Amino acid sequence: DESIKMYVVADPHYMSEKMTEDSETYNNYLNTVDRMMKYTGVLLDVVEDEVKKNEPNIVVFPGDLTNNGSKVNHQEFEKRLKRLKKTGTKVYVIPGNHDLNNEKALYFKDDKIFMTESINEEEFVDLYSSYGYDEAISRDENTLSYLVKPYKNLWLLMLDTTKDYPEPGGYLNRDSLNWIIECSEMAKEAAAEMVVVMHHNLLDHSDIIWEDYTLDNNTSAINTFHEIGIQVVLSGHIHIQDYKTHTSTQTGNTIYDIA
C-alpha cells in the first residue's frame, strides 16, 4: 500500500586507503585482479551523495562488502553504513564469499604484499548488528541468513548463500530451504510480500560464465521460491547488470532475478 524506493549496492569490494600505496606491486595487483578497486571509496562517496539527495527508503548490500574481508576494510565500511543510516534510510547487509574467513585478506606496504586479519561469522554479525541482525524476526540456524520486516507489508529475506567461505560457489541447503518456507508462512499470516536479497544468482545471467555464480542447487531454490510465491530476487556476485525471469508451469508464478 506504499510507494517504496529501494537501492541495491552490490559488490562494492571496499578497500581502505590505509591498506594500499602507490607502488608497482599494488598497481600490478590492480591490473590483474580489479582495476576499479582503486576507486571503491570514491564510488561509495557517490552512493552516499545519492542517498542523501534521493532519500530512498531502503538500501541493501547483497554481499562482497569488502576486498577479501580484511578487518580494517570491514570496520571502515561499517562507518560508511552508519552515515547512510543517519539520513533516515533503512540499511541491510549480508556477507558475500569475499567477506569471511578469507586467508587472502591483504595490505600493501613498501612495495610488498602482507597478509592481515580477516573476520569470522560471529564477528560479522557483531560488527553489522545495526544493519539487519538486531532487527531480525527470524535467523537461520545454519547460515547468516535472516528475515526482517522494514514495512508492515514488505519483508526482506536476506540470504547468506556462500557454500564455503571464501570460495566463490553458492548453495542453499535443505535446512535453509525449510527455514525459508517457515518465513513465508509468517509473511502470509501477516499479509506481507517477501523480497529475497542474496549474493549468488538464482538464474544464469551469462552464456559465458555461470558456474560458481548461479546457485549450485538453483533448481531446488527455484521450486521453493515458486511454492511460496516469491516474485523478486535481488542478487549480485557476477558484476553485471541484468535481469532474468522464470515462470512456473504449475503455479503461473514468475520470479524476476535482478542482478
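Anything mentioned here points back to the structure above.
Okay, so let's go over this structure. Bear in mind the structure is a predicted one, so any value in this text is a computation, not a measurement.

Cut-off values and rules
- Residues numbered from 1 in each chain as written.
- Predicted model: local features only at pLDDT ≥ 70, side-chain atom pairs only at ≥ 80, totals over all residues.
- Heavy atoms only, no water.
- Buried < 20%, exposed > 50% of the residue type's maximum accessible area, 1.4 Å probe, protein only.
- Helix = DSSP H or I, 4+ residues; strand = E, 2+ residues; numbered from the N terminus.
- Arc of directions from axis to C-beta.
- Contact = heavy atoms within 4.5 Å.
- Pairing = 2+ DSSP bridges.
- Axes fitted to C-alpha atoms, helices over the stretch in contact; angles between N-to-C directions.
- Salt bridge = Lys/Arg side-chain N within 4 Å of Asp/Glu carboxyl O.

Turning to helix α1 (residues 24-32), a few remarks are in order. Every buried residue of α1 is accounted for by Y26, Y29 and L30. Mapping the buried residues of α1 onto a view down its axis gives an arc of 100°, with all of them on the same face. Away from its buried face, by an angle of more than 90 degrees, α1 presents the exposed residues E24 and T32. If you follow the buried residues of α1, they end up packed against β4 (106-109).

Moving on: the sheet that holds strand β2 (residues 58-62). On the basis of which strands lie adjacent, the open sheet formed by three strands has the order β1-β2-β3 and parallel pairing. Here the strands that pair on one side only, and so sit at the sheet edges, are β1 (6-8) and β3 (90-94). Within this sheet the neighbouring strands show an average axis-to-axis angle of 15°, counted without direction. Summarising the sheet, β1 and β2 pair through three bridges and their orientation is parallel. Within β2, the position partnered with Y7 by the bridge is V59. Together, β2 and β3 form the strand contacts of helix α3 (residues 71-86), whose direction differs from that of β3 by roughly 150°.

Considering all chains together, one arrives at nine salt bridges under this definition. Among the ionic pairs, K52 bridges to E48, the shortest N-O distance being 3.4 Å. Of the two residues, K52 and E48 are both situated in helix α2 (residues 40-54); the distance of four residues between them amounts to about one turn of the helix. Residue K52 is classed as partly exposed on the basis of its relative accessible area of 48%. On the basis of relative accessibility, which here comes to 9%, the residue E48 falls in the buried class. Across the pair E117 and K71 runs a salt bridge, and its minimum N-O distance is 3.6 Å. Here E117 is found in the loop between β5 (112-115) and α4 (121-127), whereas its partner K71 is found in helix α3, with 46 residues between them in sequence. Residue class for K71 comes out partly exposed when judged on its relative accessible area of 26%. Salt bridges sharing common partners tie together E48, K52 and R83.

Bringing the pairing of strand β8 (residues 154-159) into the picture now. Burial analysis of β8 places six of its six residues in the buried class, which makes it a mostly covered element. Going residue by residue along β8, you find L154, L156 and M158 tucked away on one face and W155, L157 and L159 tucked away on the opposite face as well. Of the pairings in the sheet, the one linking strand β7 (residues 146-151) to β8 comprises four bridges and is antiparallel in character. From the neighbouring strand, V148 faces β8, where its bridge partner is L156. Once β7 ends, the chain turns through two residues before running back antiparallel as β8. With six bridges joining them, β8 and strand β9 (residues 193-198) adopt parallel strand pairing.

Moving on, we get to the environment of P56. Here P56 is to be found in the loop between α2 and β2. Sequence separation of P56 and Q231 is 175 residues, and the distance between their C-alpha atoms is 21 Å.

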